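# Working through the structure, step by step
The primary structure of each chain is shown beneath.
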Amino acid sequence: MSNPAVPSGAITDPPSLYELFKAFAIVSLSGFGGALPWARRMIVEQRRWMTTEEFNEAFALSQFLPGPNLVNFSVVFGLRFGGPLGAAVTLAGLMGPPLVIVMILGMLYARFGDVEVLSRILAGITAAAAGLLIAVVAKMAAPLFLTRWNSAPAIAILAFVGVAIMQWPLQLVFLVLAPVSVAFAWFKR
């Protein structure tokens, strides 16, 4: 009999609480400026704890919850594999190390914040983080466009055009495209 807590097509044994903490601590330490690319790589590609589709679905769920998306995702992921304790462990792994680092960096910045080279370094790090975010968005969108061409890619393209190119307010684009998307899904069934 299969274990419903284990994602199909992924691993057979769920990770231990220590593995959950360690994995999310590594993600948090790797992802300066944005940890989503590192989380996806670790969960889907390296550890194979979830398939691409399962990751996308869990991340989509976390976007509907209030708060930062990756923090929500860590709780959803931890809850799925370790219950409430797993959710607490993944949250601690994701938030603990950066909290310590930010406290130390804050003290250093208060002391050395006027140094010119520091602002140049931070500008370079910002550019790298933007590139990583674009890369992970492309990886997450690939299954949507390659495996099942339906109304979802068209809605995504329309949303991008409306917000990024036409510069319409996100709320307006959402209010128009959400009912259209629901209608497409309804009639497809």
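Cut-off values and rules
Residues numbered from 1 in each chain as written. Predicted model: local features only at pLDDT ≥ 70, side-chain atom pairs only at ≥ 80, totals over all residues. Heavy atoms only, no water. Domains from an automatic or database assignment. Salt bridge = Lys/Arg side-chain N within 4 Å of Asp/Glu carboxyl O. Phe/Tyr/Trp six-rings, centres within 6.5 Å; stacked < 30°, edge-to-face > 60°. Helix = DSSP H or I, 4+ residues; strand = E, 2+ residues; numbered from the N terminus. Buried < 20%, exposed > 50% of the residue type's maximum accessible area, 1.4 Å probe, protein only. Core = buried A, V, L, I, M, F, W, Y, C linked by side-chain atoms within 4.5 Å. Axes fitted to C-alpha atoms, helices over the stretch in contact; angles between N-to-C directions. Parallel < 35°, antiparallel > 145°, perpendicular 65-115°, else oblique. Left-handed = near helix turned anticlockwise from the far one by under 90°. Nonpolar A, V, L, I, M, F, W, Y, C, P; charged D, E, K, R; others polar. pLDDT = per-residue confidence, 0-100. Contact = heavy atoms within 4.5 Å. 1 Å grid on protein atoms, 1.4 Å probe; cavity = no way out; pocket = protein on both sides within 12 Å on 5 of 7 lines; lining within 4 Å. Points joined across faces, edges and corners; volume = space filled by probe spheres on them.

### Topic: the domain arrangement of the protein
Domains assigned within the protein are domain 1 (17-112), domain 2 (115-146) and domain 3 (149-189). One C-alpha centre belongs to domain 1, the other to domain 3; they are set 29 Å apart.

### A few points about the pattern of salt bridges
Within this structure, the stated rule accounts for four salt bridges. The partner of Glu-45 in a salt bridge is Arg-40, with the nearest N and O atoms 2.7 Å apart. If you follow the salt bridges from partner to partner, you end up with Arg-40, Glu-45 and Lys-139 in one network.

### Regarding the packing of aromatic side chains
One pass over the full model with this rule turns up seven aromatic pairs. Centre to centre, the rings of Phe-55 and Phe-59 are 6.2 Å apart; their planes meet at 0 degrees, and the pair counts as stacked. Taken together, the residues Phe-55 and Phe-59, both in helix α3 (residues 52-64) and four residues apart, mark about one turn of the helix. For the pair Phe-55 and Phe-59, a shared accessibility class is recorded, and that class is buried. Three or more aromatic residues joined by ring pairs form one cluster here, namely Phe-24, Trp-49, Phe-55, Phe-59, Phe-73, Phe-77 and Phe-81.

### Some remarks on the nonpolar core
Judged by nonpolar contacts, the single largest core of 25 residues is most densely connected at Ile-43, Trp-49, Met-50, Phe-55, Phe-73 and Phe-77. The element contributing the most residues to this core is helix α4 (residues 69-112), with eight residues.

### Side note on the packing of helix α1 (residues 17-30) against α4
Running from N to C, α1 and α4 point in directions that differ by 40 degrees, and their axes come no closer than 8 Å. Taken together, the axes of α1 and α4 are oblique relative to one another. Viewed along their axes, α1 and α4 form a crossing whose handedness is right-handed. Split into classes, the residues belonging to the contact of α1 with α4 amount to 17 nonpolar, five polar and no charged.

### Regarding the confidence of the model for the protein
When pLDDT is averaged across the protein, the result is 84; 91% of the residues are at 70 or more. Confidence, read as mean pLDDT per element, is least for helix α5 (residues 116-146) in the protein (82) and greatest for α1 (92). For residues 1-7, every residue scores under 50 in pLDDT, and the model assigns this stretch 10 contacts once sequence neighbours within four places are set aside.

### With respect to the side chain of Ser-62
Inspection of the secondary structure puts Ser-62 in helix α3. For Ser-62, the residues in contact, after removing those within four places along its chain, are Asn-69, Asn-72 and Phe-73.

### Structural notes on the layout of surface pockets
Unoccupied space between atoms shows up once a probe the size of one water molecule is rolled over them. What the largest pocket holds in volume is close to 1700 Å³. Elements with a minimum of two residues in the lining of the largest pocket: α3, α5, α6 (151-165) and α7 (170-188). Element by element, the count of residues in the lining of the largest pocket is highest for α7, at nine residues. Along the lines of polarity and charge, the residues of the lining of the largest pocket split into 24 nonpolar, five polar and four charged.

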